[in-house]
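Examining the three-dimensional arrangement
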Amino acid sequence: MNLAVNNPWALTGLLLALLPLFNSGMRTSPAPWTALIPRDTLSAVVVGCLRLCAVAAIAGLVLGIAGLHRTEQSQERIGHGAHIVLLLDRSSSMDNTFAGRAPNGSDESKATAARRLLTDFVKQRQNDLIGVAEYSTSPLFVMPLTENKNAVQAAIAATATPALGFTHVSKGLGMAISFFEQQPVTGSRIVLLVSDGAAAIDHDSEQKLREWFKQQQVRLYWIFLRTAGSPGIFDQPEDSRDDNAGAMPELYLHKFFLGLGSPYQAYEAESPDALKQAIADINQLENLPMHYIERIPKQDLSAACYSVAAFLLLVLLGVKFFEVKQ
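A quick note: this is a predicted structure, and the numbers were derived from the prediction, not measured. (Residues numbered from 1 in each chain as written. Predicted model: local features only at pLDDT ≥ 70, side-chain atom pairs only at ≥ 80, totals over all residues. Heavy atoms only, no water.)

1. So, the overall build of the protein chain
Which entries qualify depends on this criterion: In DSSP terms, a helix is any run of H or I states spanning at least four residues, a strand is any run of E spanning at least two, and both are numbered starting from the N terminus. A 1.4 Å probe rolled over the protein chains alone gives each residue an accessible area, and that area as a share of the maximum for its type sets the label: buried under 20%, exposed over 50%, partly exposed in between. Should any heavy atoms of two residues lie within 4.5 Å, those residues are considered in contact. Here, Shrake-Rupley sampling with a 1.4 Å probe gives the accessible areas, and only protein chains in the shown set may cover a residue.
A tally of helices and strands in the protein chain yields eight helices and 11 strands. Looking at the protein chain as a whole, 39% of its 326 residues are labelled buried. Looking at the protein chain alone, contacts between residues at least 24 apart form 81% of all its contacts between residues at least 6 apart. Split by element, the accessible area of the protein chain, about 18200 Å² in all, is 58% carbon and sulfur.

Below is the structure:
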């Protein structure tokens, strides 16, 4: 049961629970010699029950004072879901709409749409462990992998902070993969990258990311929030001179992801509805059986001890009230 108390010294009061075994608490009355009368079994049972009630009432009061509680526990469960790290781009362009301009009240920014739809996504993922990270100039740790969906939703809402001007996606991916270190592989491991742009990745970072994705057995989903009129991740250069990572970073980042050696899927969303459809698709795909550890928080039992003691004391007081007085 994993029971413990806050005040162990109070347990010495349990010695008082032995008193009812030596004293029934009932008034004695003089009576003739009754040795020849048959034994009254029912009366003996009633007296025994009253003594036990008194013992339990005292024990309940003592355990309540001692602060009886059930300690935090962990329980392995089997559900459907995955371990997911939400990696959010917080470059300044994310604060613009899909049309590439500042929100005017009628259109929401890409970052706002992503937060809204990811919050709904988290609500549907009951058995997942979900973490949150951001990146712009540098990666930002927001929330570790947790089954607490309220905390994850609060972490997503907290990403509504002023954005910066740079996009260092390699650093963000490195931090996202680090969430899975020291974690047992009990189901699908996913990095869900939500970004409206890309940047060239140097050779050393490419090698490290390939190794990390394979070591941690991570699947990658990229939802590219395409701004109207900007190059997409599937577009091919019209001029051979533009066929490089500097001119078309989104295309080359997509090619790098294809060569990771790990499962990868890309979505291109040009509106909030397209973003919603991409998230719904991922929600349907990543719903495989998985093992996960559920943490059961500490549970205070002192109130229950006081309630049981109060009920038993009322029973004893009622019996005392009906005691025959001579």
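Having seen the model, we can carry on.
2. Structural notes on the sheet that holds strand S11 (residues 299-300)
Heads up, the condition is: By the convention used here, strands pair only if DSSP detects at least 2 bridges between them.
Here three strands make up an open sheet; going across it, the order is S1-S2-S11 and the pairing antiparallel. Among the strands making up the open sheet, the edge pair consists of strand S1 (3-4) and S11. The pairing of S1 with strand S2 (residues 69-70) spans two bridges and is classified as antiparallel. In the sheet register, Ala4 faces S2, and the bridge partner there is His69.

3. What about the sheet that holds strand S7 (residues 188-195)?
The criterion, for reference: Axis lines are fitted through C-alpha atoms, for helices just across the contact stretch, and the angle between N-to-C directions can take any value from 0 to 180 degrees.
One open sheet accounts for six strands, arranged S6-S5-S4-S7-S8-S9; its pairing is mixed. The sheet is open, and its two borders are formed by strand S6 (139-146) and strand S9 (264-269), each paired with just one other strand. The sheet shows a mean angle of 15 degrees between the axes of neighbouring strands, direction not considered. Sheet analysis places strand S8 (residues 219-225) next to S9, joined by six bridges and oriented parallel.

4. A closer look at the packing of aromatic side chains
Put simply, the rule is: For Phe, Tyr and Trp, rings pair up if their centres lie within 6.5 Å, where Trp contributes its six-membered ring, and each pair is then called stacked (planes under 30 degrees apart), edge-to-face (over 60) or tilted (otherwise). Here, a charge over a ring is recorded when the distance from Lys NZ or Arg CZ to the ring centre is within 6 Å and its angle to the ring normal is within 35 degrees.
Under the criterion given, the structure shown has five aromatic pairs. Arranged with centres 5.8 Å apart and planes meeting at 45 degrees, the rings of Phe256 and Phe257 form a pair that is tilted. Of the residues examined, Phe256 reaches a relative accessible area of 6% and is grouped as buried. An aromatic cluster of at least three residues, connected via ring pairs, comprises Trp222, Phe224, Phe256, Phe257 and Tyr264. Over the face of the ring belonging to Tyr252 we find Lys255, whose NZ or CZ atom lies 4.7 Å from the ring centre.

5. Points about the pattern of salt bridges
Heads up, the condition is: Note on definitions: salt bridges are taken to be side-chain nitrogens of Lys or Arg within 4 Å of carboxyl oxygens of Asp or Glu.
Applying the stated rule across the entire model yields eight salt bridges. As a salt-bridge pair, Asp128 and Arg125 come within 2.3 Å of each other at their nearest N and O atoms. The buried category is assigned to Asp128, whose relative accessible area is 1%. Overlapping salt bridges bring together Arg226, Asp235, Glu268 and Glu270 as one network.

6. Remarks on helix H8 (residues 302-321)
Keep this limit in mind: A helix is expected to span 1.5 Å for every residue after the first. Throughout, the arc means that of the directions going from the helix axis to the C-beta atoms.
Here H8 spans 28 Å end to end across 20 residues, near enough to the 28 Å set by a 1.5 Å rise per residue. When H8 is considered as a whole, its buried residues turn out to be Ser302, Cys305, Ala309 and Leu312. Projected down its long axis, H8 shows its buried positions confined to an angular sector of 100 degrees, all on one face. Opposite its buried face, H8 presents the exposed residues Phe311, Leu314, Leu317 and Phe321, each directed more than 90 degrees away.

7. With respect to the UniProt feature "transmembrane region" (unreviewed entry) in the protein chain
Definition in use: UniProt positions are given in the numbering used here, feature names are shortened, and annotations may be inferred rather than shown by experiment.
In the numbering used here, UniProt assigns the "transmembrane region" (unreviewed entry) feature to residues 43-68 and 303-322. Across residues 43-68, helical content stands at 92% and strand content at 0%; the span's end C-alpha atoms are separated by 34 Å. Spanning residues 303-322, this segment combines 95% helix with 0% strand, and its end C-alpha atoms are found 29 Å apart.

8. Thoughts on the environment of Phe257
Residue placement: Phe257 occurs in helix H6 (residues 249-258). Residue Phe257 is classed as buried on the basis of its relative accessible area of 0%. Sequence separation between Phe257 and Glu206 is 51 residues, and the spatial gap between their C-alpha atoms is 9.6 Å. When residues no more than four places from it in sequence are discounted, the contact partners of Phe257 are Leu173, Leu193, Leu220, Trp222 and Tyr264.

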